[in-house]
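Fold and contact review
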Amino acid sequence: MTERPALRSQRLNQITHAPHAELDALVKSHAPFDSRESFARFVVAQYLFQSELKALYTDPQLIAIVPDLAERCRAEQARLDLADLDTEVPGPVPGAVQNPSLGEAMGWIFVSEGSKLGAAFLIKRAVALELSDSFGARHLGEPAGGRAEGWKQFTRILDGLALSADEEAAAERGAVAAFERFTELLKHAYAADAALV
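In what follows, the accompanying structure is described.

Calculation rules
Residues numbered from 1 in each chain as written. Predicted model: local features only at pLDDT ≥ 70, side-chain atom pairs only at ≥ 80, totals over all residues. Heavy atoms only, no water. Axes fitted to C-alpha atoms, helices over the stretch in contact; angles between N-to-C directions. Helix = DSSP H or I, 4+ residues; strand = E, 2+ residues; numbered from the N terminus. Parallel < 35°, antiparallel > 145°, perpendicular 65-115°, else oblique. Left-handed = near helix turned anticlockwise from the far one by under 90°. Contact = heavy atoms within 4.5 Å. Nonpolar A, V, L, I, M, F, W, Y, C, P; charged D, E, K, R; others polar. Buried < 20%, exposed > 50% of the residue type's maximum accessible area, 1.4 Å probe, protein only. Phe/Tyr/Trp six-rings, centres within 6.5 Å; stacked < 30°, edge-to-face > 60°. Salt bridge = Lys/Arg side-chain N within 4 Å of Asp/Glu carboxyl O. Expected span 1.5 Å × (residues − 1). Arc of directions from axis to C-beta. Polar contact = N/O pair within 3.5 Å; in protein donor to acceptor, adjacent residues only side chain to side chain.

Moving on, we get to the packing of helix H3 (residues 36-57) against helix H7 (residues 102-126). At their nearest, the axes of H3 and H7 sit 11 Å apart, and the two run at 150 degrees to each other. Regarding the angle of H3 to H7, the classification is roughly antiparallel. Crossing handedness for the pair H3 and H7: left-handed. When H3 is examined against H7, the residues Phe-39, Phe-42, Phe-49, Gln-50, Leu-53, Leu-56 and Tyr-57 are found in contact with a partner set consisting of Ala-105, Trp-108, Ile-109, Ser-112, Glu-113, Leu-122 and Ala-126. Along the lines of polarity and charge, the residues of the contact of H3 with H7 split into eleven nonpolar, two polar and one charged.

What follows is the structure, encoded as structure tokens:
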């Protein structure tokens, strides 16, 4: 049995390793960088996920903990990307996270914020499709102040947060649920595409 890391952010990384690997494999299987059409389906999933989390990014209780939280949300960038890619903005998919507890909400945001690190690799691949952080791949763009710095600031806050044992468990559930939800939205985005053929 591996030892539990001392820092909450490291524990969340450890506990989400399996769903993260599963999601990575699913993304690769859909080859989002093979064509703009495939990339557009990927952006549909990103938009759905980010728009579901908008309520968390704009929650006053959470902003009191993470002051720049509202600016970190990428739902609007993903919406603009869909317009660039001539893709309709999708309607909501049932099953979005509703009124999570503080711990759970931080788990969801942990996953969303962590994905910005991976986006550094994805945007390089989007360039081959003649997309950029100002056209079609805005949601993958570098956040103000830089990816690494933004992530460090967020994990410092997350690691310093006093949570009860129940909220600690809720944070872990939230992080795993976020990966599972993005996986579901990705399947939905590509299934919708298959139905159009």
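Of the positions making up helix H6 (residues 75-84), those classed as buried are Ala-75, Ala-78, Asp-81, Leu-82 and Asp-84. Residues of H6 that are buried sit in contact with H3. Remark: Asp-86 follows H6 within two positions and exhibits a positive phi of approximately 50 degrees.

Taken as a whole, this structure holds seven aromatic pairs when the rule is applied. Among the aromatic side chains, those forming a connected cluster through ring pairs are Phe-33, Phe-39 and Phe-42.

Applying the stated criterion across every chain yields a total of eleven salt bridges. A salt bridge links Arg-79 to Glu-76; its shortest N-O distance comes to 2.6 Å. One end of the pair, Arg-79, and the other, Glu-76, are both in helix H6, three residues apart, so they sit about a helical turn from each other. Here Lys-116 and Glu-113 are joined by a salt bridge, their closest N and O atoms 3.1 Å apart. With Lys-116 and Glu-113 both in helix H7 and three residues apart, the pair spans about one turn of that helix. For Lys-116, a relative accessible area of 8% gives the class buried.

The terminal C-alpha atoms of helix H2 (residues 17-29) lie 18 Å apart, and with 13 residues this matches the ideal 18 Å at 1.5 Å per residue to within 8%. Every buried residue belonging to H2 is among Pro-19, Leu-23, Leu-26 and Val-27, and all of these are buried. An end-on view of H2 places all buried positions within 100 degrees of arc, on one side of the element. Exposed side of H2, more than 90 degrees from the buried face: His-17, Ala-18, Lys-28 and Ser-29 are the residues found there.

Tracing the sequence through the fold places Glu-168 in helix H9 (residues 165-196). On the basis of relative accessibility, which here comes to 15%, the residue Glu-168 falls in the buried class. Of note is the side chain of Glu-168, whose polar atom sits 3.1 Å from the side chain of Arg-11. Setting aside residues up to four positions removed in sequence, Glu-168 forms contacts with Arg-8, Arg-11 and Leu-163.

Honestly, it's all geometry; don't read function into it.
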